[in-house]
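Each chain, written out:
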Amino acid sequence: MHDLVAELYPICRSITGNGVRQTLGILERHIPVATFEVPSGTSVYDWTVPKEWNIRDAYVKSSRGERVIDFHECNLHVLNYSTPVRAKLTLEELRPHLFSAPEHPAWIPYRTSYYKEAWGFCLSQDQLSRLDEDEYEVCIDSELTDGHLTYGECFLPGETADEILVSCHVCHPSLCNDNLSGISVAVFLAKELLTRERRYSYRFLFIPGTIGAIAWLARNEAAAARIRHGLVLTCVGDAGGFHYKKSRRGDAEIDRAVAHVLRHQNDPYEIQEFSPYGYDERQFCSPGFDLPVGCLMRSVWGQFPQYHTSADDLSFVLPAALAASLHTCLDVVDVLEHNRTYRNTNPYCEPALGRRGLYRTTGGPGIGDENLARLWVLNLADGRHTLLDIADRAGMNFMLIHRVASELTEHGLLQDAAARGAPVS
Ligand SMILES: [Zn+2]
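Residues numbered from 1 in each chain as written. Predicted model: local features only at pLDDT ≥ 70, side-chain atom pairs only at ≥ 80, totals over all residues. Heavy atoms only, no water.

K.L.:
Give me the lowdown on the overall build of the chain, citing residues and values where you can.
P.N.:
What the chain contains, in helices and strands, is 14 helices and 19 strands. Projecting the C-alpha coordinates of the chain onto the three principal axes gives extents of approximately 90 × 45 × 35 Å. Of all 425 residues assigned to the chain, the portion counted as buried reaches 56%. Across the chain, every contact between residues at least 6 apart in sequence was considered, and the portion connecting residues at least 24 apart equals 80%. As presented, the chain carries roughly 18000 Å² of accessible surface, and 49% of it is formed by carbon and sulfur atoms. The averaged location of the 55 negative side-chain charges in the chain is 6 Å from the averaged location of its 40 positive side-chain charges. (Helix = DSSP H or I, 4+ residues; strand = E, 2+ residues; numbered from the N terminus. Buried < 20%, exposed > 50% of the residue type's maximum accessible area, 1.4 Å probe, protein only. Contact = heavy atoms within 4.5 Å. Areas by Shrake-Rupley, 256 points an atom, 1.4 Å probe, with all protein chains shown as cover. Lys, Arg positive; Asp, Glu negative; His and termini not counted. Charge placed at Lys NZ, Arg CZ, Asp CG, Glu CD.)

K.L.:
Explain the layout of surface pockets to me, and be specific about the residues and the numbers.
P.N.:
Empty space within the largest pocket amounts to approximately 430 Å³. In terms of lining, the largest pocket is formed by 20 residues, of which the most central are His-172, Thr-210, Gly-278, Arg-282 and His-308. A breakdown of the residues in the lining of the largest pocket according to their chemical character gives ten nonpolar, seven polar and three charged. (1 Å grid on protein atoms, 1.4 Å probe; cavity = no way out; pocket = protein on both sides within 12 Å on 5 of 7 lines; lining within 4 Å. Points joined across faces, edges and corners; volume = space filled by probe spheres on them. Nonpolar A, V, L, I, M, F, W, Y, C, P; charged D, E, K, R; others polar.)

K.L.:
Would you mind going over the coordination of the zinc ion in detail, with residue names and values included?
P.N.:
The zinc ion binds to the protein through His-172 (NE2), Asp-178 (OD) and His-308 (NE2); the donor distances cover 2.0 to 2.1 Å. Owing to a relative accessible area of 0%, Asp-178 belongs among the buried residues under this scheme. (Donors = N, O, S within 2.8 Å, 3.2 Å for Na, K, Ca; no water.)

K.L.:
How would you sum up the nonpolar core? Please name residues and give values.
P.N.:
Core analysis: the largest hydrophobic core is formed by 72 residues, its most contacted members being Leu-27, Ile-183, Leu-189, Phe-204 and Phe-206. Per element, the largest residue contribution to this core is nine residues, and it comes from helix H5 (residues 176-194). What Phe-206 contacts, discounting residues up to four positions off in sequence, is Leu-24, Leu-27, Ile-31, Tyr-151, Gly-152, Cys-154, Cys-168, Val-170, Ile-183, Ala-186 and Val-187. Membership of the second largest hydrophobic core comes to 63 residues, among which are Trp-119, Leu-123, Trp-216 and Cys-235. (Core = buried A, V, L, I, M, F, W, Y, C linked by side-chain atoms within 4.5 Å.)

K.L.:
Can you break down the packing of helix H11 (residues 368-380) against helix H12 (residues 387-394) residue by residue, with the values?
P.N.:
How two helices sit against one another is set out by the angle between their axes and by the gap between those axes. In the contact formed by H11 and H12, the axes pass within 10 Å of each other and the chain directions differ by 125°. Between H11 and H12, the interaxial angle falls into the category oblique. The handedness of the crossing between H11 and H12 is right-handed. Where H11 abuts H12, its residues Trp-376, Val-377 and Leu-380 lie against Ile-390, Arg-393 and Ala-394. Split by residue class, the contact of H11 with H12 holds five nonpolar, no polar and one charged. (Axes fitted to C-alpha atoms, helices over the stretch in contact; angles between N-to-C directions. Parallel < 35°, antiparallel > 145°, perpendicular 65-115°, else oblique. Left-handed = near helix turned anticlockwise from the far one by under 90°.)

K.L.:
So what's going on with empty space enclosed by the protein? Residues and values would help.
P.N.:
Within the structure shown, the criterion is met by one cavity of 30 Å³ or more. There is about 70 Å³ of room inside the largest cavity. Forming the boundary of the largest cavity are 13 residues, of which Ile-164, Val-166, Leu-231, Val-332 and Val-333 lie nearest the centre. Within the residue set of the lining of the largest cavity, elements represented by two or more residues are strand S11 (163-169), strand S13 (227-233) and helix H10 (319-338). Grouping the constituent residues of the lining of the largest cavity by class yields eleven nonpolar, two polar and no charged.

K.L.:
Tell me about the packing of aromatic side chains, and name the residues and values.
P.N.:
Two descriptors summarise a pair of aromatic rings, namely the distance from one centre to the other and the angle between the planes of the rings. Applying the stated criterion across every chain, the model contains twelve aromatic pairs. On the numbers, 5.6 Å between centres and 75° between planes, the contact of Trp-47 with Tyr-115 is edge-to-face. Of the two residues, Trp-47 sits in strand S3 (residues 47-48) while Tyr-115 sits in the loop between strand S7 (98-99) and strand S8 (121-122), which places them 68 residues apart along the sequence. What links up through ring pairs into an aromatic cluster is the set Tyr-277, Tyr-279, Trp-301, Phe-304, Tyr-307 and Phe-316. Positioned above the aromatic ring of Phe-242, the side-chain terminus of Arg-298 is 4.3 Å from the ring centre. (Phe/Tyr/Trp six-rings, centres within 6.5 Å; stacked < 30°, edge-to-face > 60°. Lys NZ or Arg CZ within 6 Å of the ring centre and 35° of its normal.)

K.L.:
Please set out the sheet that holds strand S18 (residues 382-386) residue by residue, giving values where relevant.
P.N.:
Spatially, three strands are ordered S18-S17-S19 in an open sheet, and the strand pairing comes out antiparallel. Two strands close off the open sheet at either side, each with one partner strand: S18 and strand S19 (414-416). Taken pair by pair, the neighbouring strands of this sheet meet at an average axis angle of 35°, ignoring direction. Pairing analysis gives three bridges linking strand S17 (residues 341-344) to S19, with the strands arranged antiparallel. Directly across from Tyr-342, in S19, lies its bridge partner Asp-416. (Pairing = 2+ DSSP bridges.)

So, in structure tokens, the structure goes:
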């Protein structure tokens, strides 16, 4: 996963343009990705797909011919979506177009101007303070033309048409945690799911932030209606603990599944309530859709100093953190895939488990987790409690509850409640 982050890192991405296409091309070597192109000017709800931006070169040269700011050194040096410019300017004339982050003098900030035509350069405060009075040659060799917005989809069909959505943004240039980490974890999650039997169908979206999500929703209302659970993945590669931002609904199965998985890991984590700011959960959770989509992060965007700066680099994203994020996603998938509702076929008093070899005692104190899990499942399998309800109420790991439920089903002590329809009254 870290190698994939490293491979994607140098590419200059934006909300449109060849950087996204090149990125999707690399993802396609790992998983099947269908690429979609939405023409500039297309209306998508209240928005319009913007012109396509591409850039070849950009620099500020001193009168001695030295590139004092060079796009080829780091693509963050250009205000993303800068209009083309060629000019000779004094330092004073250039200054309003320069952006730095004085609080971290060695770092280059990441700035964009998607919806207002502007040009500019981003540079470290150290670099800025070294600029002398001079006549500078300024060049941004970019173009903003009628083209397309590009996004990618990886669809993995399952037993049912009900879908699990995994979405991440692909519009950031050389920034790793936000959000090459999300892309990489999503790709490896899809890769793993390709090898598994799937009850749900899975749709992975690799979309430019905001406008990409809006464009996808506008073109895919039917698919959106099939989304039963969803996760936006972002900032999942740093050393911080997990943060999960709940869906707008707040009590959706995805919210409970993620909370359950995090609670049963031994690491610090935090559950955050929904707010209408953040990543593309904002669009998926807009009131017209109100989809059960939450956002999984490690460190929270905007709250780590490296956020949107050149310090969000390859060293800020750790292989072990990426791996733990992937495992967390797989645990969440396991809960969603296996969360069913059962009915105890023998609800009058406890069934005789010992006779069936299902009440194994080791002679020590207590009855052990397995036996206790069987008792919880038999007690709460009344057609109204899901396995996740049971696991949470018992304070036990979902996979243990799932395992004993499967075993009890094999022994005829449980029935899938969905198969029988009405719950036991
Ligand atoms: Zn960002």
